Amino acid sequence: DTTVITFGTFDVLHVGHVRVLNRAAELGDRLVVGVSSDALNFSKKGRNPVFSQDERLELVSNLKSVDEVFVEESLDLKRQYITDHQADVLVMGDDWAGKFDFCSDLAKVVYLPRTPSISTTALIEHIATT
Ligand code: C2G
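- Looking at an unreviewed UniProt entry, one finds the protein named Glycerol-3-phosphate cytidylyltransferase and attributed to Microlunatus soli.

Considering the sheet that holds strand β1 (residues 3-8)
Then, in step 1: As summarised here, the arrangement of the five strands in space is β3-β2-β1-β4-β5, forming an open sheet in which the pairing is parallel. The open sheet terminates on both sides in strands that have one partner only, identified here as β3 (68-72) and β5 (108-112). Going from strand to strand, the sheet's axes swing by 25° on average, the running direction of each strand aside.
Then, in step 2: Pairing analysis gives six bridges linking β1 to strand β2 (residues 30-36), with the strands arranged parallel. Bridging across to β2, phenylalanine 7 finds its partner in glycine 34.
Then, in step 3: Sitting on the sheet, helix α1 (residues 15-25) touches β1, β2, β4 (89-93) and β5, and the angle it makes with β2 is about 145°.

Calculation criteria
- Residues numbered from 1 in each chain as written.
- Predicted model: local features only at pLDDT ≥ 70, side-chain atom pairs only at ≥ 80, totals over all residues.
- Heavy atoms only, no water.
- Pairing = 2+ DSSP bridges.
- Helix = DSSP H or I, 4+ residues; strand = E, 2+ residues; numbered from the N terminus.
- Axes fitted to C-alpha atoms, helices over the stretch in contact; angles between N-to-C directions.
- Contact = heavy atoms within 4.5 Å.

Structure, rendered in structure tokens:
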């Protein structure tokens, strides 16, 4: 069996998130998703997420393509998460291209093209200004 692992914040879940998760799931038999903790999100983006980590975990875990979720506490634990979950493939959107190549001795690292013109930041902006 092939286990695929991917990571993200998945705040204000949108179609770009669903598509990357569906495409990640197609690369194996089982999809495990590391959802960024609120603290990690704050350190990456400098703002609190709209939805809390518990809400984001609940949303992601209820998607059809997702078999298991866990909290991603740190960007620096990629190697440990891959080992813990016995992942064979690490998938990320191509905004992270090259960034996780240091894991390629543990798992096949695949970067998928992002869905154009949709992002949490743009959604927040849109809601705030309309
Ligand atoms: N994504 C996408 N298309 C978009 C927006 C996002 O394919 N229009 C993908 C991203 O490339 C990523 C996933 O959806 O693979 C989750 O995106 P984010 O929630 O923005 O994740 P991020 O905050 O970049 O966290 O350890 C890695 C990080 O935790 C990634």
